[in-house]
Amino acid sequence: METIEEINAKILRITMVIQENYPELSKYLNEMPVTIPIENDPKINILNLEKYYNSLLTIFRNYVAEHQLINSNRSSDNHHL
């Protein structure tokens, strides 16, 4: 099992990649349901950090895949025979 420090490092890396390469996606990070605590005194633990990291990863992968598909369609549209 990963430590809190390792998961935090992964969260930092993916967040930096998003901010540097996909800044338009950054606005959605603060709106993620996992970042809005339901409890009055939320605890940060490994499980919560893993959920947050997995949510970031899912959003990132879906966004990149969607944009690759869009760019692929644009390329094929420009190369009609």
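This report concerns the structure included in the present document. On a predicted model such as this, the values are computed, not experimentally measured, just so you know.

### Examining the overall build of the chain
So, point 1. For the chain, the count of helices and strands is three helices and zero strands.
So, point 2. Order of helices (α) and strands (β) in the chain, N terminus to C terminus: α-α-α.
So, point 3. Residues classed as buried in the chain amount to 22% of the 81 residues present.
So, point 4. Long-range pairs, those at least 24 residues apart, make up 72% of the contacts in the chain between residues at least 6 apart in sequence.

### Description of the packing of aromatic side chains
So, point 1. Enumeration over the complete set of coordinates arrives at two aromatic pairs.
So, point 2. A ring pair is formed by Tyr 22 and Phe 60, whose centres lie 5.8 Å apart and whose planes are at 75°; its orientation type is edge-to-face. Taken together, the positions of Tyr 22 in the loop between helix 1 (4-21) and helix 2 (23-29) and Phe 60 in helix 3 (residues 46-77) put the pair 38 residues apart, joining distant regions of the chain.
So, point 3. Judged by centre distance (5.8 Å) and plane angle (80°), the ring pair of Tyr 22 and Tyr 63 falls under edge-to-face. Separated by 41 residues along the polypeptide, Tyr 22 in the loop between helix 1 and helix 2 and Tyr 63 in helix 3 bring together distant segments of the chain.
So, point 4. Judged by relative accessible area, Tyr 63 falls into the buried class, the value being 14%.
So, point 5. A network of ring pairs unites the aromatic residues Tyr 22, Phe 60 and Tyr 63 as a single cluster.

### What to know about the nonpolar core
As a rule of thumb, nonpolar side chains are buried together in soluble globular proteins.
So, point 1. Formed by 14 residues in total, the largest nonpolar core has its most connected members in Ile 7, Ile 11, Ile 14, Ile 18, Tyr 53, Leu 56 and Phe 60.
So, point 2. Of all the secondary-structure elements, those providing two or more residues to this core are helix 1, helix 2 and helix 3.
So, point 3. Per-element tally for this core: the top contributor is helix 3, with eight residues.
So, point 4. Excluding residues within four positions of it along the chain, Phe 60 makes contact with Ile 14, Val 17, Ile 18, Tyr 22 and Leu 25.

### Some points on the environment of Leu 25
So, point 1. Structurally, Leu 25 is set in helix 2.
So, point 2. Here the alpha-carbon distance between Leu 25 and Ile 59, two residues 34 residues apart in the chain, equals 8.7 Å.

Cut-off values and rules
Residues numbered from 1 in each chain as written. Predicted model: local features only at pLDDT ≥ 70, side-chain atom pairs only at ≥ 80, totals over all residues. Heavy atoms only, no water. Helix = DSSP H or I, 4+ residues; strand = E, 2+ residues; numbered from the N terminus. Buried < 20%, exposed > 50% of the residue type's maximum accessible area, 1.4 Å probe, protein only. Contact = heavy atoms within 4.5 Å. Phe/Tyr/Trp six-rings, centres within 6.5 Å; stacked < 30°, edge-to-face > 60°. Core = buried A, V, L, I, M, F, W, Y, C linked by side-chain atoms within 4.5 Å.

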